[in-house]
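# Inside the fold
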Amino acid sequence: ATANAPVATYQTVRTAQTSQRAMLRQLELPMESFGRISRRCAERGIAFLATPFADSDVTHLAAVGAAAIKIASTDLVDVALLERACGADLPIILSTGAADEDEIAQAVQRIEACGARERLVLLHCVSAYPTAMDHANLRAVRTLQDRFATIVGYSDHTTSTHTGALAVAAGACLLEKHFTLDRHAPGPDHAMSLEPPALAEYIRLARQARQALGTGSLAVQRIEREVRDVGRKIIVAARDISRGETLTADMLASRRAGRGLLPTQMAKLLGRRTAVAVEADTPLVWEMLRA
């Protein structure tokens, strides 16, 4: 940040700073901290990530075991940073907040030109802190998938615990959510972050949404078979039918009776002669008919 770079209104309100550089200097960690954080993540079974803002940051993060390189929305137009991220040979998570379609397309093209297209994940993002629900625009997840033929996640700046689940339902494969130990702590992002109990609920709902999505298969599920067997209508004899009678529409009915011929086969029965006597309410089967 330059010495004169201003801060956003929400940052001024929460930090009383008017200079980005001054605000960031209050918040930054020394480089050696990231190695310690990475080791602690490994101990806890957590994938370590951090967002680089300079070329040298990419090199350092890769060296301390970052699982992926996350590029902030503001740096979607930083060509040198994108190229360095591609060179790290790690997945690239690229946030798209406050970017228009052409800017996103240009960034994707640059990553493709570097040979890293198959490692790209785009994040739908609304760069407002917090983001009101009526501006979340979750349909953009599918738009990004369709437009760029890549997997897409959601960078969630709402204060809701259920927006992640909605994003999963919209097609998001990855969620980014701010969390904190104390929403009242000093700093620009604590107030719009989730504390641990709310984050746990956020994760639970997102996982529940993933389960609810299922496979998308249109096949009959095992748990549906009982209702299918007892609830589906089949063709039965509407009255007693003698052996050798020719079937007409008034002899047959569609009723809930278990397994048998479906009403969709009614036309195939009409005009056929019975090979045996059939009592009223008996399900018809092909073996009851003459060849």
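Our subject is the structure that appears above.
Now for a look at the structure at hand. (Residues numbered from 1 in each chain as written. Predicted model: local features only at pLDDT ≥ 70, side-chain atom pairs only at ≥ 80, totals over all residues. Heavy atoms only, no water.)

### As for the sheet that holds strand S3 (residues 120–125)
Heads up, the condition is: Two strands form a pair only when DSSP identifies at least two bridges running between them. Labels follow the DSSP assignment, with helices taken as runs of H or I lasting at least four residues and strands as runs of E lasting at least two, numbered in each case from the N terminus. Structural elements are reduced to axes, namely lines fitted to C-alpha atoms, with helices fitted over the stretch in contact, and the angle between N-to-C directions of any two is expressed from 0 to 180 degrees.
What the five strands build is an open sheet, ordered S1-S2-S3-S4-S5; its pairing is parallel. Edge positions in the sheet fall to strand S1 (69–71) and strand S5 (175–177), since each has one partner strand and no second. Taking each pair of neighbouring strands and ignoring which way they run, the sheet shows an average axis angle of 25°. Pairing analysis gives five bridges linking S3 to strand S4 (residues 151–156), with the strands arranged parallel. By the bridge assignment for S4, His-124 is matched with Tyr-154.

### Examining the environment of Ser-155
Definition in use: For every residue, the accessible area obtained with a 1.4 Å probe (protein chains only) is divided by the maximum for its type, and the residue is called buried under 20%, exposed over 50%, and partly exposed between those limits. Residue contacts follow a heavy-atom distance rule, with two residues in contact if any of their heavy atoms lie within 4.5 Å. In protein, a polar contact means a hydrogen-donor-capable atom and an acceptor-capable atom, both N or O and within 3.5 Å, with residues adjacent in sequence counting only if both atoms are side-chain atoms; elsewhere, any N or O pair within 3.5 Å suffices.
Along the chain, Ser-155 falls in strand S4. In this structure Ser-155 comes out as buried when scored by relative accessible area, which is 2%. Linking Ser-155 and Thr-180, residues 25 residues apart in sequence, is a C-alpha distance of 16 Å. Leaving out residues up to four positions away in the same chain, Ser-155 has contacts with Ser-95, Leu-123, His-124, Cys-125, Val-126 and Glu-176. A polar contact of 3.5 Å, which involves the side chain of Ser-155, links it to the side chain of His-157.

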